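Structural characterization, general
One letter stands for each residue in the lines below.
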Amino acid sequence: MVRVTFFQNREQQLVGFDCAGHADYTEENDVVCAAVSALVITCINSVEVLTGELFTCDTDEEDGMISFRLQDGSGSGAQLLLQSLALGLEEMEDNYEEYLDLTFEEVT
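Here's what I pulled together on the structure shown here. (Residues numbered from 1 in each chain as written. Predicted model: local features only at pLDDT ≥ 70, side-chain atom pairs only at ≥ 80, totals over all residues. Heavy atoms only, no water.)

Section: the sheet that holds strand 4 (residues 65-70)
Cut-off, in case you're wondering: Paired strands, in this sense, are two strands between which DSSP finds at least two bridges. Under the DSSP-based scheme used, a helix requires at least four consecutive residues in state H or I and a strand at least two consecutive residues in state E, with every element numbered from the N terminus. Every axis in this analysis is a line fitted to C-alpha atoms, fitted for helices over the stretch in contact. Angles between the N-to-C directions lie between 0 and 180 degrees. Two residues qualify as a contact provided that any one of their heavy atoms is within 4.5 Å of a heavy atom in the partner residue.
With mixed pairing, 5 strands are arranged side by side in an open sheet as 3-4-2-1-5. Each edge of the sheet is formed by a strand with only one pairing partner; in this case those strands are strand 3 (55-60) and strand 5 (100-106). Neighbour-to-neighbour, the strand axes of the sheet open up by a mean angle of 10 degrees, direction not taken into account. Bridge count between strand 1 (residues 2-8) and strand 5: 7 bridges; the pairing is parallel. Within strand 5, the position partnered with T5 by the bridge is T103. Across the sheet, helix 2 (residues 76-95) is in contact with strand 1, strand 2 (14-20), strand 4 and strand 5; its angle to strand 5 comes to roughly 140 degrees.

Given below as structure tokens:
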């Protein structure tokens, strides 16, 4: 199962996410993994290229893990991109809940 945890501050702004796991290979699962990967990588690349926001990003290909955190708050551009990622993944979860698990956690 692919697990994505979004982190929100007290103002409900998204400040990062962790994405980890694999959906185990079948034709349907492979589509889920590819779609999650495409959305996550596009979001990270867009934050970097389109907003200039500072962030950290750690990966571990073996575990299928990506950890993304905005630094020093977040601007409206980064917020829009992270909200778009969350929306896309929520829509996917509605149809593929056995392969994708989303959670939201408040951080200080």
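Concerning the nonpolar core
Just so we agree on the cut-off: Take the buried residues of types Ala, Val, Leu, Ile, Met, Phe, Trp, Tyr and Cys, join any two whose side-chain atoms come within 4.5 Å, and each joined set is a nonpolar core. Using a 1.4 Å probe on the protein chains alone, a residue whose accessible area is under 20% of its type maximum counts as buried, one over 50% counts as exposed, and one in between counts as partly exposed.
If you look at the biggest cluster of nonpolar residues, it comprises 25 residues, and the most contacted ones within it are V4, F6, F17, V36, V40, L89 and L100. Every element with two or more residues in this core is listed here: strand 1, strand 2, helix 1 (27-51), strand 4, helix 2 and strand 5. Among the elements that line this core, the one with the most residues is helix 1, at 7 residues. Discounting chain neighbours no more than four positions away, the residues touching L89 are V4, F6, V36, L39, L100 and L102.

Details of the packing of aromatic side chains
Basically, it comes down to this: Two aromatic rings, drawn from Phe, Tyr or Trp (for Trp, its six-membered ring), form a pair once their centres lie within 6.5 Å of each other, and the interplanar angle then sorts them: stacked below 30 degrees, edge-to-face above 60, tilted otherwise.
Taken as a whole and assessed by the stated rule, the structure comprises 4 aromatic pairs. For the pair F6 and F17, a centre-to-centre distance of 5.9 Å together with 55 degrees between the ring planes defines the contact as tilted. Of this pair, F6 sits in strand 1 while F17 sits in strand 2, placing them 11 residues apart in sequence. Like F6, the residue F17 is buried in the burial classification. Ring geometry for F6 versus F104: centroids 5.2 Å apart, planes at 15 degrees, classification stacked. Of the two residues, F6 sits in strand 1 while F104 sits in strand 5, which places them 98 residues apart along the sequence. We classify F6 as buried; its relative accessible area is 0%. Counting every residue linked through ring pairs, the aromatic cluster contains F6, F17, F55, F68 and F104.

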